[in-house]
Amino acid sequence: MTSTLRQVGIDIQDAEENRPLVNAIKADNPELTIRHLPGLLKLQAAGRIVINRETVESQLGREWDTGEFQLAIVSYAGNFSEWDDDQIIVSWEH
Amino acid sequence: MTQAKPRAKKLPLKERYALLTRDLDWEPSYVEREKLFPYTSYEGIKIHDWDGWQDPFRLTVDAYYKYQAEKDKRLYAVLDSFAQSQGHLGLADASYLNAIKLFIQGVTPLEYAAHRHFAYLARYLEGPAPRFAALCQSVDELRHCQTQIHTISNYNKYYGGFHSWSKMHDRVWYLSVPKSLFDDAMTAGPFEFLISISFSFEYLLTNLLFVPFMSGASFNGDMPTMSFGFSAQSDESRHMTLGLEAIKFLLEQDEGNVPIIQAWIDKWFWRAYRMSALVAGMMDYMLPKPVMSWKEAFELYFEDQMLGGLFPDLEYYGITPPRHVEDAIAEKDHLSHQVYKILHNFSFAAAFTTQTPSEEHSAWLSEQYPGSYDELYKPVWDKHARTEAAGGRIFFQGLPQLCQVCQVPMAFTEPDDPTAISFRTSEFTGETFHTCSNGCKWIFDREPEKFVQAWLPVHQIYQGNCGGPSVPEVLDWYGIQDGDNGEYKGSPDQRSWAEWHSGAPKQES
Amino acid sequence: MQYELRYQVIEAKRQSYQNVIDRFGDQPATRYQEATLDVEPRENFHYRPTWAQDRELYDPRYSALRLTDPYSYADPRGFYYTPYVTNRAALHDEFGKTLTYLEDRELLVTLPEAWRSVLGSVVIPLRHYESGCQLVSVTGARFAHGTSLAQCCTFAAFDRIGNAQMLSRVGIAVAGGVGDTLTTAKQEWLDGAHLQPLRRLVEEIMVVDDWAEGLLAIDHVDSLLFPAMYAGLDEKALLGGAGAYSLVAQYLTTWFADQRRWIDALVSAWRGDPEHGPSNTAHLDRIAATWGPRAEEAVGALTAVVAGRLDGVAA
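Residues numbered from 1 in each chain as written. Chains lettered and ligands numbered in written order. Predicted model: local features only at pLDDT ≥ 70, side-chain atom pairs only at ≥ 80, totals over all residues. Heavy atoms only, no water.

**What to know about the overall build of chain C**
Tallying secondary structure elements over chain C gives twelve helices and zero strands in all. Along the chain direction, N to C, the helices and strands of chain C fall in the order α-α-α-α-α-α-α-α-α-α-α-α. Judged by the C-alpha coordinates and their principal axes, chain C covers about 75 × 55 × 35 Å. Out of the 315 residues in chain C, the part that is buried amounts to 58%. Of the contacts made within chain C by residues no fewer than 6 positions apart, 73% connect residues no fewer than 24 positions apart. A total accessible area of about 11,700 Å² is found for chain C, and carbon and sulfur atoms account for 53% of it. (Helix = DSSP H or I, 4+ residues; strand = E, 2+ residues; numbered from the N terminus. Buried < 20%, exposed > 50% of the residue type's maximum accessible area, 1.4 Å probe, protein only. Contact = heavy atoms within 4.5 Å. Areas by Shrake-Rupley, 256 points an atom, 1.4 Å probe, with all protein chains shown as cover.)

**Notes on the sheet that holds strand β5 (residues 73-77) of chain A**
All names here are of chain A. The four strands are arranged β2-β3-β1-β5 in an open sheet whose pairing can be described as antiparallel. Each edge of the open sheet is held by one strand with a lone partner, namely β2 (33-37) and β5. Sheet twist, expressed as the average angle between the axes of neighbouring strands with direction ignored, equals 20 degrees. Relative to β5, strand β1 (residues 7-13) runs antiparallel, the two being bridged by four bridges. Along β5, the bridge assignment pairs Gly9 with Ala77. (Pairing = 2+ DSSP bridges. Axes fitted to C-alpha atoms, helices over the stretch in contact; angles between N-to-C directions.)

**So, the nonpolar core**
Grouped together as the largest cluster of nonpolar side chains are 315 residues, with contacts concentrated most on Phe69(A), Tyr245(C) and Trp270(C). Among the elements that line this core, the one with the most residues is helix α12 (residues 257-285) of chain B, at 17 residues. Phe69(A) has contacts with Ile10(A), Ile12(A), Leu21(A), Ile51(A), Trp64(A), Phe80(A), Trp83(A) and Ile88(A), leaving out every residue within four places of it along the chain. (Core = buried A, V, L, I, M, F, W, Y, C linked by side-chain atoms within 4.5 Å.)

**Some words on the interface of chain C and chain B**
Listed as interface residues are 87 residues of chain C and, on the opposing side, 103 residues of chain B. Taken over both partners, the interface formed by chain C and chain B buries close to 8,600 Å², and the fraction arising from carbon and sulfur atoms is 59%. If you look at where chain C meets chain B, you find seven salt bridges. Between Asp62(B) and Arg169(C) there is a salt bridge; the shortest N-O distance is 3.2 Å. (Buried area = accessible area lost by both parts, 1.4 Å probe. Salt bridge = Lys/Arg side-chain N within 4 Å of Asp/Glu carboxyl O.)

Below, the structure is given as structure tokens:
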């Protein structure tokens, strides 16, 4: 294992419609910490954060396109090392 | 129960995206390549394979329109309802709007500048993938500029200081700080522009620059600004990705690019950081309900996320943290106080008002800055408070000397001595030029022929290019209207606010 | 918290930004006006561009076509960012629905052979033409003088990528969901003799220094190409069992009608300018004389091929 444990983060707008997304991220990233700032949720985890389409869909109860993540995200720290039809991963590369 | 419909068979996202964007490269057969892409060689950057560029967002045009139209529908609904319900009366205080005045005068024009110059990249970069990413960013930046104009339009109807933002950005002294930064980036070549704006500005410092504005808006009852801000930030994540992708791409293409990029990072970190001093002053002093101190934001967004996260990642390519970063860290206890002192002293010539922090606010500052505030800055504010209690108000008489590079008045202190003004000089073609810091001096000495061209507002006043020699003539030329400037207490905004809220019984909701 | 006074209407101190008031008086302004007028910086630029030492960052001299006041021109569509993306979201949404309908029923895969050949070797390759047009339009997005003009060029540039992607998606659909047709169409674009006059022309237009001349040169091509390739094939398509082509082509026709509106208005503004009108008119006439015949030649090479293949079927 050479994977680094530096913190990565995603900031999401604190809005009703983003709650299922945040729940899905929580479910798939047990180590996740969430900090509330005005209007904003700061999600952080060591090493990486994964977003799975299927988990989001089960939280939402409808189909969800990974592109829709763009409607929720405010900022991030890290690198989108994967972004395809099924999954988004934020991590550091080196 | 309805059954979930099986997903239609389609090309995988990556492959489809490649066909829709990358496949639209243009290899000229009838004109010379150097004529078609004339600006990609003079900076010394070498690119061997433009297809090495990765765009993780893989946004197609139809998806872009769909998401953006949806975002704007939500945003304008907030703007309309805020205007209809006279939401401005529910702000924490009218003085909060000083932060937003600084925003429309200082930041909105930068969005516009970015819009125009990403169009330059969308024309002159040689790879179709970065061209398309740049085109999206160009259109996004126009969005940011225009949604900001529309958001603030409602405040402009009731409060001073917003009305002439565009002209002010071209003319007013403190706005030459952001303007000169973008002019510097735009007049550079396409790769330096990428590193300056996409990487140093959008990736390295955007969180520090914008997220505090938006949280401040949220905390002070400014729903429209919060809405446009977070809505814009969702585009910003794409722009951050462009910045990060740009730097990795350039570093991977050729070993020889590394020292060039390092020098740009060194220059642009300091350049953008110096401009962020205005944001620091805003965060700590202009918000009636402060959210997070500059120091805390700097530690969280810059030291933890960038120095702790990003730079170890870039070390792989041989990139080290920016030169002079230790000076920035050393002054994090001082920056906002020193900047707000300048603004407070010179706000007679600004299109916003300033005020001495209240006792409550001062107590918050003291708590946030245990190592510096009580000793160095509180005594200054106490002195102002005493003068004001006796009916006075201290403004600085005369005009300040500006740093030749960042154009902030020379009032910053030495990194190791917060009581001594930092003052650097350089000689060029027999003349002496003044800079405010090691960082700015280093930048000047690297490109003196560029920085001697600076349109320095104070020099320009002395040379008679700003409406006339007297303060009222200059203010008139700036487009500052009576009462936009000076002290907040007793200003037209403050008086209107008091009148609008007088005799109104407050009801707890 | 609630304030009683919120139920009283507070009178505005001004109705709009000062620059708008200076032009039209203190009255409510449109969002288009506030988002457009005087937004581009005018003066006190700090440094000279390293890529154009004899120009300022914003400079009317990037084109021979000038307006005394660039804000005498207004986009007749009233597009600023939001109405623009809203309008195009609808266009692309409808296009997407039409395409899905055609894909589900395999109506593009089963086009008559002559039509498949026209699409594969003439129409689908035009996605590369569109990407060239993007490079031309986006030059105006950077160098046009005045936000009123520059934003039209920006939207046009983005539109061209949209057009290219619509054509690409048709290409994917024609091949039954894969990229094969796009690959052969690209080869046609690069090698097909009938496409070379157009490809050469676009390259020569792309390196024209004057952004407005480039824009208008492309417009001379568009003005022949769009009617010939899209609306002009409608009747033949409907009669020749290629209704599916007519269904997708209509979106390009819709786009071109929209494009005409702002360009025609801009050309009128240039011709009618109180100060620069006569000089603009001379330039416009020269541009038409230079590029018009080239456009006829390039588009003629395509219509000849189309006619040959489709008339062969009819015969």
